[in-house]
Amino acid sequence: MRGIVSAGGMLVVLVLVCLIHYGLINNSVRENEIHSGLSMAMDYSIDMLSQEAFKDEEDFLQNFCRILSGAVTSDGVIDVFLLDSDWEAGYIDIVVEETYQYGFLERQGKTRCERAFRIIG
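These numbers were taken from a predicted model, which means no experiment stands behind them.

Thresholds applied
- Residues numbered from 1 in each chain as written.
- Predicted model: local features only at pLDDT ≥ 70, side-chain atom pairs only at ≥ 80, totals over all residues.
- Heavy atoms only, no water.
- Helix = DSSP H or I, 4+ residues; strand = E, 2+ residues; numbered from the N terminus.
- Buried < 20%, exposed > 50% of the residue type's maximum accessible area, 1.4 Å probe, protein only.
- Areas by Shrake-Rupley, 256 points an atom, 1.4 Å probe, with all protein chains shown as cover.
- Pairing = 2+ DSSP bridges.
- Patch = residues over 30% accessible without salt bridge, like charges linked within 9 Å, V, L, I, M, F, W, Y side chains within 5 Å.
- Salt bridge = Lys/Arg side-chain N within 4 Å of Asp/Glu carboxyl O.
- Expected span 1.5 Å × (residues − 1).
- Arc of directions from axis to C-beta.
- pLDDT = per-residue confidence, 0-100.

Help me understand the overall build of the protein chain in this model?
For the protein chain, the count of helices and strands is two helices and three strands. Relative to its full complement of 121 residues, the protein chain shows a buried share of 28%. In the form shown here, the protein chain has an accessible surface area of approximately 8400 Å², with 58% of it arising from carbon and sulfur atoms.

See below:
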């Protein structure tokens, strides 16, 4: 009887440890996947836009958001911010943030990519 109780207790502890470990790894994998996907989509958008000429910042941001939304395959909410720009000199600093939800307890995660680059055109 004592052996059955000890084995049952060890089984419960083992299941709890596995669930906690799985939860931590799942969060880390999700964050890495979202960050790398967002970073690649942002680089792709910048590469596509570097071949075109734009009238002003608003025209650039509209085209950037259009291409970015086509390149991102996540189910999160994407926010695009223009931090700093010198349109006449051809420099722009842009930030893309994605907020996404984990499946467990409705928790939210956020990842952020920032790029500063020179506009050719």
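Moving on from the coordinates now.
It is not clear to me how the pairing of strand S1 (residues 77–86) should be interpreted in this structure. Could you clarify?
Working note: regular strand, side chains alternate between the two faces of the sheet. As paired elements, S1 and strand S2 (residues 91–101) share nine bridges and run antiparallel to each other. Its bridge partner lying in S2, aspartate 84 is registered against aspartate 93.

Help me understand a nonpolar patch on the surface, please; the structure alone is not making it clear to me.
Taken together, the side chains of Leu11, Val12, Leu14, Val15, Leu16 and Leu19 present a nonpolar region at the surface, about 580 Å² in accessible area. Structurally, valine 12 is set in helix H1 (residues 2–49).

Just checking my understanding: could you explain helix H2 (residues 57–71) for this structure?
Every α-helical turn comprises 3.6 residues, leaving residues that sit three or four positions apart pointing alike. Taking 1.5 Å of rise per residue, 15 residues should cover 21 Å, and H2 covers 21 Å from first to last C-alpha, within 8% of that figure. Where H2 is concerned, the buried positions are Asp59, Phe60, Asn63, Phe64, Ile67 and Leu68. The arc enclosing the buried residues of H2, seen along the axis, measures out at 155°, which places them on a common side. Relative to its buried face, H2 has exposed residues pointing more than 90 degrees away, namely Glu58 and Ser69.

Explain the confidence of the model for the protein chain to me, please; I cannot follow it from the model alone.
Low-pLDDT stretches of the model should not have their predicted coordinates read in fine detail. Looking at the protein chain, pLDDT values average 76 and 86% of them are 70 or higher. H1 is the least confidently modelled element of the protein chain, averaging 75 in pLDDT, while S1 averages 82, the highest of any element.

So what exactly am I meant to see when it comes to the environment of cysteine 65 here?
Within the fold, cysteine 65 resides in helix H2. A sequence separation of 13 residues divides cysteine 65 from isoleucine 78, and the C-alpha atoms of the two residues are 9.5 Å apart.

Please clarify how the pattern of salt bridges should be interpreted in this entry.
Two side chains of opposite charge can pair, provided their charged atoms sit close to one another. Under the definition given, this model contains three salt bridges. Note that lysine 110 and glutamate 97 form a salt bridge whose closest N and O atoms lie 3.9 Å from each other. Of this pair, lysine 110 sits in strand S3 (residues 108–118) while glutamate 97 sits in strand S2, and the two are 13 residues apart along the sequence. Linking arginine 112 and glutamate 97 is a salt bridge whose minimum nitrogen-to-oxygen distance equals 3.0 Å. Of the two residues, arginine 112 sits in strand S3 while glutamate 97 sits in strand S2, which places them 15 residues apart along the sequence. Judged by its relative accessible area of 12%, glutamate 97 is buried.

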